[in-house]
Amino acid sequence: MTEHKTPPPAPAFDRDRLLAWMADNGVTQTTHDHPAVFRVEEGLELKAALPGAHTKNLFLKDKKGRLWLISARQDTVIDLKRAPTAMGSDRLSFGNEMLLYETLGLTPGSVTALGLINDIDRRVTFVLDQALWEADVVNFHPLTNTATTALAQADFRRFLTRLEREPIVIDFSRLAA
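Undergrad: Summarise the pairing of strand β6 (residues 137-140); cite the residues concerned and give the values.
TA: In this structure, strand β2 (residues 53-62) lies alongside β6, joined through two bridges in parallel fashion. Residue A53 lies in a different strand from β6, and its bridge partner there is V138. One ladder, built from four bridges, connects β6 with strand β7 (residues 147-152); its direction is antiparallel. Note on β7: the bridge partner recorded for F140 is T149. Connecting β6 to the next strand, β7, in antiparallel fashion are six residues, including L143 with a positive phi near 75°.

Undergrad: Describe in detail the pairing of β2, supporting the description with residues and values.
TA: Judged by how many residues are buried, β2 sits mostly within the fold: nine of 10 residues are covered. Pairing of β2 with strand β3 (residues 67-73), which is carried by seven bridges, proceeds in the antiparallel orientation. Bridge pairing links K61 to L67 in β3. Taken together, the three bridges between β2 and strand β4 (residues 92-94) define a ladder with antiparallel strand orientation. Note on β4: the bridge partner recorded for L60 is F94.

Undergrad: Now, about the packing of aromatic side chains: what can you tell me, with residues and values included?
TA: Under the criterion given, the structure shown has two aromatic pairs. A centroid spacing of 5.7 Å and a plane angle of 90° characterise the contact between W21 and F159, whose relative ring orientation is edge-to-face. Taken together, the residues W21 in helix α1 (residues 15-24) and F159 in helix α6 (residues 153-162) connect sequence positions 138 residues apart. Its relative accessible area of 0% is what places F159 among the buried residues. Lying over the aromatic face of W133, R157 brings its terminal NZ or CZ to 3.5 Å of the ring centre.

Undergrad: With reference to specific residues and values, describe the nonpolar core.
TA: The biggest cluster of nonpolar side chains holds 32 residues, and the ones touching the most others in it are M22, F156 and F159. Of all elements in the fold, only α1, β2, β3, α4 (97-104), β5 (124-129), β6 and α6 reach the threshold of two or more residues within this core. With sequence-adjacent residues up to four places away left out, M22 is seen in contact with V27, Q29, L114, L151 and F159.

Undergrad: Tell me about the environment of T112, and please be specific about residues and values.
TA: Along the chain, T112 turns up in the loop between α4 and β5. Residues contacting T112, with those up to four places away along its chain left out, are N57, L69, L106, F140, H141 and L143. At 3.1 Å, the side chain of T112 and the backbone nitrogen of L114 are in polar contact.

Undergrad: Break down α4 for me, citing the residues and quoting the values.
TA: Among all positions of α4, only L99, L100, T103 and L104 are buried. Down the axis, α4 shows its buried residues gathered within 105° of arc, on one side only. In this fold, the buried residues of α4 make contact with β2, β3 and β5. Regarding α4, its N-cap is N96, as a side-chain oxygen of that residue lies 3.1 Å from the backbone nitrogen of M98 further along. Where α4 terminates, the next one or two residues include G105, which has phi positive at roughly 70°.

What counts, and at which threshold
- Along each chain, residues carry numbers from 1 onward, in the same order as the chain's sequence is written.
- Two thresholds apply to this predicted model, a pLDDT of at least 70 for residue-level local features and 80 or more for giving and counting side-chain atom pairs, whereas whole-chain, interface and lining totals are computed over all residues.
- The side-chain values count all of the structure's non-hydrogen atoms but skip hydrogen atoms and water molecules.
- Any two strands are treated as partners once DSSP identifies two or more bridges connecting them.
- Helix and strand definitions here come from DSSP, where helices need a minimum of 4 consecutive H or I residues and strands a minimum of 2 consecutive E residues; each element is numbered from the N-terminal end.
- Buried means the residue's accessible area, taken with a 1.4 Å probe over protein chains only, is under 20% of the maximum for its type, while exposed means over 50%, and partly exposed covers the values in between.
- When the centres of two rings from Phe, Tyr and Trp lie within 6.5 Å, Trp using its six-membered ring, the rings pair. Their planes under 30 degrees apart give stacked, over 60 give edge-to-face, and anything left gives tilted.
- Only lysine NZ and arginine CZ atoms are considered, and such an atom sits over a ring when it is within 6 Å of the ring centre and within 35 degrees of the ring normal.
- Definition of nonpolar core: a set of buried residues of the types Ala, Val, Leu, Ile, Met, Phe, Trp, Tyr and Cys, connected through side-chain atoms within 4.5 Å.
- Contact definition: two residues touch when any of their heavy atoms are within 4.5 Å.
- Contacts described as polar in this section are N or O atom pairs within 3.5 Å, which, within protein, must combine one atom able to donate a hydrogen with one able to accept it, while residues neighboring in sequence count only if both atoms come from side chains.
- What the arc covers is the set of directions going from the helix axis to the C-beta atoms.

Structure representation (structure tokens):
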């Protein structure tokens, strides 16, 4: 007899609801539609036309089962052997697709710090690259990899404040071998 798993409920926020929430909460953004981008390397040409720091985002799980989201500049090297000590975690591995959807309402290729809006149970610890924390403009997927949302740093911080999320800020460039 085959066991059927119940799919997780749909996330509370999708792209449209996210952008409406931002507008309602005084978070100014500019969103640009584009073809789907699954990896940092795929969107380099597209990103060159958009000002600001572009990101890479890693959804991770440590050996104790804690979940982590790292957002860094696209050109930042993240050493997953050295990062746990700086983050206060155990050995890290990539979180699976089901867990990503269940916690952040995201699918692979669409991982973004903006997915924190769906983490109502606060299961995911947010880690932010120092280079992004200092960037004038940051660019993230708006819960889908077919668009990029640009936020001035003040608006990104307003987004995090409205969610009552305080990132762990780490200078990953100092951890690189």
